Amino acid sequence: MSVTAQDVPGGPGVTGADAPQGPMLTVEHLSMYFDGIVAVDDVSFGAERGRITGIIGPNGAGKTTVFNCITGFYRPSVGRIALDHEGGSFLLERMEGFRIARDAGVGRTFQNIRLFPRMTVLENLLVAQHTKLMRASAFSIAGLLGLKRFRDAEDAAVEVARGWLARLGLIPLADREAGTLAHGIQRKIEIARAMCSEPKLLCLDEPAAGLNPRESEELNRLLLGIRSDYGTGILLIEHDMSVVMKISDHVVVLDHGAKIAEGTPEAVRHDPAVIRAYLGEEEGLPEVVAGDIAADTKGEGS
Ligand SMILES: Nc1ncnc2c1ncn2[C@@H]1O[C@H](COP(=O)(O)OP(=O)(O)OP(=O)(O)O)[C@@H](O)[C@H]1O
Ligand SMILES: [Mg+2]
């Protein structure tokens with residue numbers, strides 16, 4: 001398989017190309033306001049390459065909004081979001097979303113799955129590589145129609161896609177329409193699609209939502225494999241504690257838009273402010289979270 005964590009092309013946002021030190025992603029004093037609603041309130045945290053950084057918090061805590069700021073769907077009201085890797089240094093809050101994906105090497109999946117439902121699984125994975133293909137065509141019809149370079153790039157794109165399908169056990173489904181497949185399969189395809197663009201930073205918004213315990217276990221193995229095989233930095237929003245607490249290296253906790261705790265999974269799960277944030281909720285409490293945290297806390301005490 002030819003996917004590597006190398007060679008994200010530079011672009012106009014690149015401000016330096018030396019191998020960086022410290023966290024790959026640095027979020028500083030990020031705030032996002034919507035007509036009087038403070039969705040994200042002065043949040044700062046870092047995420048490292050080859051590490052999984054979990055982002056947890058009750059419903060409406062601001063998790064997805066943080067992702068939308070990092071990936072360029074929203075322009076933050078305040079704050080700085082810096083990404084540093086061997087492809088360059090980028091200030092994401094100043095970049096258009098498509099350049100954040102293409103030039104800075106940030107991939108994402110969505111809380112509500114966003115595959116192209118009428119395309120096949122393989123086509124979904126090829127679409128993710130359109131930038132590489134367009135570059136190979138030299139953005140010309142002649143290139144698209146005949147250039148060997150384009151045909152080679154197309155073959156390489158199919159190889160990358162097949163590699164991910166094989167890794168996920170999805171080869172038999174390659175020609176099926178994505179929208180007809182089971183929810184758990186679609187979640188896997190979304191991750192494979194994001195990985196096809198060879199991101200340095202992969203942002204996953206509740207990838208375990210709707211998965212059964214066996215599928216969650218598979219997801220854990222997949223994410224640990226991506227981390228170790230590609231050195232990808234992973235930002236993981238998740239309510240499922242059996243995923244986030246098991247595989248995260250570091251966990252950031254948001255509540256009402258603000259960061260209320262961060263640290264190792266062990267430290268965070270025993271943090272009184274975190275327990276209060278989850279258990280103090282009367283409505284909309286994700287039971288799996290409350291249950292897991294309460295059970296963990298009880299288990300420790302007894
Ligand atoms: N485009 C928007 N316009 C107005 N308010 C928004 C917008 N996007 C998010 N919000 C508000 O920002 C707050 C944080 O929402 P967000 O979706 O980031 O939470 P979340 O932590 O991802 O929650 P969940 O766990 O339910 O997915 C909520 O009050 C939400 O209603
Ligand atoms: Mg969300």
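In what follows, the accompanying structure is described. None of the values given here were measured: they were computed from a predicted structure.

Along its length, the chain carries twelve helices and ten strands. When burial is assessed residue by residue, the chain has 42% of its 302 residues classed as buried. Look at the contacts in the chain between residues 6 or more apart in sequence, and 70% of them connect residues 24 or more apart.

With respect to burial, helix H1 (residues 63-70) is a largely interior element, seven of its eight residues being buried. Here H1 has its buried residues at Lys63, Thr65, Val66, Phe67, Asn68, Cys69 and Ile70. One or two residues past the end of H1 sits Gly72, with phi positive at roughly 85°.

With mixed pairing, six strands are arranged side by side in an open sheet as S6-S7-S8-S3-S9-S10. Strand pairing shows two members of the sheet lacking a second neighbour, strand S6 (106-108) and strand S10 (258-263), which therefore form its edges. Strand-to-strand twist in this sheet, taken as the mean axis angle between neighbours without regard to direction, amounts to 20°. Along the sheet, H1 contacts strand S3 (52-56), S6, strand S7 (201-205), strand S8 (233-237) and strand S9 (250-255); its crossing angle with S7, the most-contacted strand, is approximately 150°. Where helix H8 (residues 213-230) meets the sheet, it contacts S3, S7 and S8, and its direction lies at approximately 155° from that of S8.

A separate point is the pairing of S3. Burial analysis of S3 places five of its five residues in the buried class, the great majority of the element. Side chains Ile52, Gly54 and Ile56 project from S3 onto one buried face, and the interleaved Thr53 and Ile55 project onto a second face that is buried too. In the sheet, S3 pairs with S8 via four bridges, with the strands oriented parallel. Considered in S8, the bridge of Thr53 is made with Leu235.

Taken together, Phe34, Ile37, Ala39, Gly57, Asn59, Gly60, Ala61, Gly62, Lys63, Thr64, Thr65 and Gln111 make up the full set of residues adjacent to ligand 1. Put simply, the parts of the chain that give the shell around ligand 1 at least two residues each are strand S2 (37-47) and H1. By residue number, the principal contributor to the shell around ligand 1 is H1, which donates three residues. Looking at side-chain class alone, the shell around ligand 1 contains four nonpolar, seven polar and one charged residues.

It is worth spelling out the environment of Leu122 at this point. Considering the arrangement of structural elements, one finds Leu122 in helix H3 (residues 121-127). Measuring from C-alpha to C-alpha, the distance between Leu122 and Ile189 comes to 9.3 Å, with 67 residues separating the pair along the chain. The contacts of Leu122, once residues within four sequence positions are left out, are Ala161, Ala174 and Asp175.

For the rest of this paragraph, the subject is helix H11 (residues 272-279). Listing the buried residues of H11 in full gives Val274, Ala277 and Tyr278. Here the buried residues of H11 occupy an arc of 90° about the axis, which is enough to place them on one side. Residues of H11 that are exposed and point more than 90 degrees away from the buried face comprise Pro272 and Arg276.

Rules of the game
Residues numbered from 1 in each chain as written. Chains lettered and ligands numbered in written order. Predicted model: local features only at pLDDT ≥ 70, side-chain atom pairs only at ≥ 80, totals over all residues. Helix = DSSP H or I, 4+ residues; strand = E, 2+ residues; numbered from the N terminus. Buried ≥ 20, exposed ≤ 12 C-beta atoms within 10 Å, placed from the backbone. Contact = placed C-beta atoms within 7 Å. Pairing = 2+ DSSP bridges. Axes fitted to C-alpha atoms, helices over the stretch in contact; angles between N-to-C directions. Near = placed C-beta within 6 Å. Nonpolar A, V, L, I, M, F, W, Y, C, P; charged D, E, K, R; others polar. Arc of directions from axis to C-beta.

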